[in-house]
Amino acid sequence: MRRSILFTAALATGLGLAALGATAQQQDDAGAARQPVQDRMSVAEIATMLEGQGYTLREIELERGRYDVEMIDANGMRVEAYLDPVTGEVLPYRDDRDRDDDDDAGYDD
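All values reported here derive from a predicted model rather than from experimental measurement. The residue numbering used here restarts from 1 in each chain and proceeds along that chain's sequence as written. The model is predicted, so local features are restricted to residues of pLDDT at least 70 and side-chain atom pairs to those at 80 or more, both for listing and for counting; the totals for chains, interfaces and linings are taken over all residues. Hydrogen atoms and water are omitted, and side-chain values are computed over all heavy atoms in the structure.

Novice: So what about the sheet that holds strand E2 (residues 66-72)? Which residues, and what values?
Specialist: Strand pairing requires that DSSP identify at least two bridges connecting the strands. In DSSP terms, a helix is any run of H or I states spanning at least four residues, a strand is any run of E spanning at least two, and both are numbered starting from the N terminus. Spatially, four strands are ordered E1-E2-E3-E4 in an open sheet, and the strand pairing comes out antiparallel. Each edge of the open sheet is held by one strand with a lone partner, namely strand E1 (56-63) and strand E4 (90-91). Residue contacts are counted whenever heavy atoms from the two residues lie within 4.5 Å of one another. The axes are straight lines fitted to the C-alpha atoms, using for helices just the contacting stretch, and the angles between their N-to-C directions are given from 0 to 180°. Packing of helix H2 (residues 43-52) onto the sheet brings it into contact with E1, E2 and strand E3 (78-83), and relative to E1 it is tilted by some 145°.

Structure below.
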(Lines give C-alpha, C1' and ligand atoms only; values in the text may rest on other atoms or scores of the structure.)
Protein backbone atom coordinates (compact mmCIF):
# COMPACT_ATOMS: atom_id res chain seq x y z
CA MET A 1 0.00 0.00 0.00
CA ARG A 2 2.75 2.40 0.97
CA ARG A 3 4.60 1.60 -2.28
CA SER A 4 1.61 2.43 -4.45
CA ILE A 5 1.11 5.77 -2.65
CA LEU A 6 4.78 6.67 -3.16
CA PHE A 7 4.61 5.58 -6.79
CA THR A 8 1.46 7.63 -7.39
CA ALA A 9 2.97 10.69 -5.70
CA ALA A 10 6.17 10.37 -7.72
CA LEU A 11 4.21 9.94 -10.95
CA ALA A 12 2.03 12.99 -10.23
CA THR A 13 5.12 15.08 -9.41
CA GLY A 14 6.85 14.00 -12.63
CA LEU A 15 3.80 14.79 -14.76
CA GLY A 16 3.44 18.17 -13.08
CA LEU A 17 7.08 19.04 -13.75
CA ALA A 18 6.74 17.91 -17.36
CA ALA A 19 3.69 20.14 -17.85
CA LEU A 20 5.52 23.07 -16.24
CA GLY A 21 8.50 22.53 -18.55
CA ALA A 22 6.24 22.42 -21.63
CA THR A 23 4.60 25.69 -20.61
CA ALA A 24 7.99 27.35 -20.10
CA GLN A 25 9.15 26.09 -23.52
CA GLN A 26 6.08 27.55 -25.23
CA GLN A 27 6.71 30.91 -23.58
CA ASP A 28 10.38 30.88 -24.65
CA ASP A 29 9.45 30.02 -28.24
CA ALA A 30 6.89 32.83 -28.37
CA GLY A 31 9.39 35.35 -27.00
CA ALA A 32 12.16 34.28 -29.38
CA ALA A 33 10.13 35.09 -32.48
CA ARG A 34 9.56 38.68 -31.27
CA GLN A 35 6.87 39.28 -33.86
CA PRO A 36 3.52 37.48 -33.78
CA VAL A 37 3.19 35.14 -36.74
CA GLN A 38 0.11 36.95 -38.08
CA ASP A 39 2.07 40.25 -38.24
CA ARG A 40 5.07 38.82 -40.13
CA MET A 41 5.29 38.57 -43.89
CA SER A 42 5.48 34.96 -44.99
CA VAL A 43 8.54 33.53 -46.74
CA ALA A 44 6.44 33.35 -49.93
CA GLU A 45 5.56 37.06 -49.66
CA ILE A 46 9.22 37.98 -49.12
CA ALA A 47 10.22 35.81 -52.10
CA THR A 48 7.57 37.36 -54.36
CA MET A 49 8.61 40.87 -53.35
CA LEU A 50 12.32 40.25 -54.02
CA GLU A 51 11.75 38.40 -57.29
CA GLY A 52 9.61 41.33 -58.41
CA GLN A 53 12.65 43.55 -57.81
CA GLY A 54 14.76 41.34 -60.12
CA TYR A 55 16.59 39.15 -57.60
CA THR A 56 17.11 35.40 -57.90
CA LEU A 57 16.71 33.88 -54.45
CA ARG A 58 19.10 31.35 -53.00
CA GLU A 59 17.96 31.18 -49.36
CA ILE A 60 15.54 32.84 -46.94
CA GLU A 61 15.70 32.13 -43.20
CA LEU A 62 13.95 33.64 -40.21
CA GLU A 63 16.85 34.29 -37.86
CA ARG A 64 16.81 36.30 -34.63
CA GLY A 65 13.49 37.89 -35.45
CA ARG A 66 14.45 39.03 -38.95
CA TYR A 67 14.70 37.47 -42.41
CA ASP A 68 18.23 36.60 -43.52
CA VAL A 69 18.18 36.52 -47.33
CA GLU A 70 20.81 35.37 -49.81
CA MET A 71 20.17 36.23 -53.45
CA ILE A 72 21.72 37.09 -56.82
CA ASP A 73 21.07 40.51 -58.39
CA ALA A 74 20.49 41.24 -62.09
CA ASN A 75 24.26 41.67 -62.64
CA GLY A 76 25.02 38.22 -61.20
CA MET A 77 26.41 39.59 -57.92
CA ARG A 78 25.75 37.70 -54.70
CA VAL A 79 23.76 39.81 -52.21
CA GLU A 80 22.99 39.19 -48.53
CA ALA A 81 20.47 41.25 -46.60
CA TYR A 82 18.50 41.31 -43.39
CA LEU A 83 14.84 42.23 -43.85
CA ASP A 84 12.29 43.47 -41.34
CA PRO A 85 9.78 40.62 -40.92
CA VAL A 86 6.75 42.93 -40.85
CA THR A 87 7.55 45.53 -43.51
CA GLY A 88 10.12 43.72 -45.67
CA GLU A 89 12.43 46.75 -45.51
CA VAL A 90 16.19 46.21 -45.60
CA LEU A 91 17.74 46.47 -42.13
CA PRO A 92 21.23 47.85 -41.47
CA TYR A 93 23.91 45.19 -41.88
CA ARG A 94 26.54 45.02 -39.17
CA ASP A 95 29.56 42.87 -39.79
CA ASP A 96 31.80 41.62 -36.97
CA ARG A 97 34.54 43.81 -38.44
CA ASP A 98 32.40 46.92 -37.80
CA ARG A 99 32.71 46.64 -34.02
CA ASP A 100 34.21 49.61 -32.19
CA ASP A 101 36.26 47.48 -29.80
CA ASP A 102 38.75 46.15 -32.40
CA ASP A 103 42.33 45.97 -31.14
CA ASP A 104 43.65 47.78 -34.23
CA ALA A 105 40.96 50.49 -34.32
CA GLY A 106 43.55 53.26 -33.90
CA TYR A 107 45.88 52.01 -36.63
CA ASP A 108 45.72 52.75 -40.31
CA ASP A 109 46.83 50.09 -42.79
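Once the structure has been displayed, the description carries forward.
Novice: Hey, could you go over unusual backbone geometry for me, with residue numbers and the actual values?
Specialist: Backbone geometry places Arg64, a non-glycine residue, at a positive phi of 55°. One can find Arg64 in the loop between E1 and E2.

Novice: Explain the nonpolar core residue by residue, including any values.
Specialist: The biggest cluster of nonpolar side chains holds 10 residues, and these are Met41, Ile46, Ala47, Leu50, Ile60, Tyr67, Val69, Met71, Ala81 and Leu83. Among the secondary structure elements, those contributing two or more residues to this core are H2, E2 and E3. Beyond its immediate sequence surroundings of up to four residues, Ala47 is in contact with Leu57 and Ile60. Residues grouped as a nonpolar core are buried Ala, Val, Leu, Ile, Met, Phe, Trp, Tyr and Cys residues, joined through side-chain atoms within 4.5 Å. Accessible area is worked out with a 1.4 Å probe on protein chains only. A residue is then buried under 20% of its type maximum, exposed over 50%, and partly exposed in between.

Novice: Please give an account of the pattern of salt bridges that cites residues and values.
Specialist: Each salt bridge in this description consists of a side-chain nitrogen of Lys or Arg and a carboxyl oxygen of Asp or Glu lying within 4 Å of one another. Summed over all chains, the structure comprises two salt bridges. Measuring nitrogen to oxygen at the nearest pair gives 3.8 Å for the salt bridge that ties Glu70 to Arg78. A relative accessible area of 19% places Glu70 in the buried class. Linking Arg78 and Glu80 is a salt bridge whose minimum nitrogen-to-oxygen distance equals 3.1 Å. What emerges from the salt-bridge pattern is a single network uniting Glu70, Arg78 and Glu80.

Novice: If you had to explain the pairing of E3 to someone new, which residues and values would you point to?
Specialist: Here E2 pairs with E3 via six bridges, running antiparallel. Paired with Tyr67 across the strands is Leu83, a residue of E3. In this antiparallel pair of consecutive strands, E2 and E3, the connection spans five residues, and Gly76 shows a positive phi of 85°. Note that E3 and E4 share two bridges and pair antiparallel. Bridging across to E4, Tyr82 finds its partner in Leu91.

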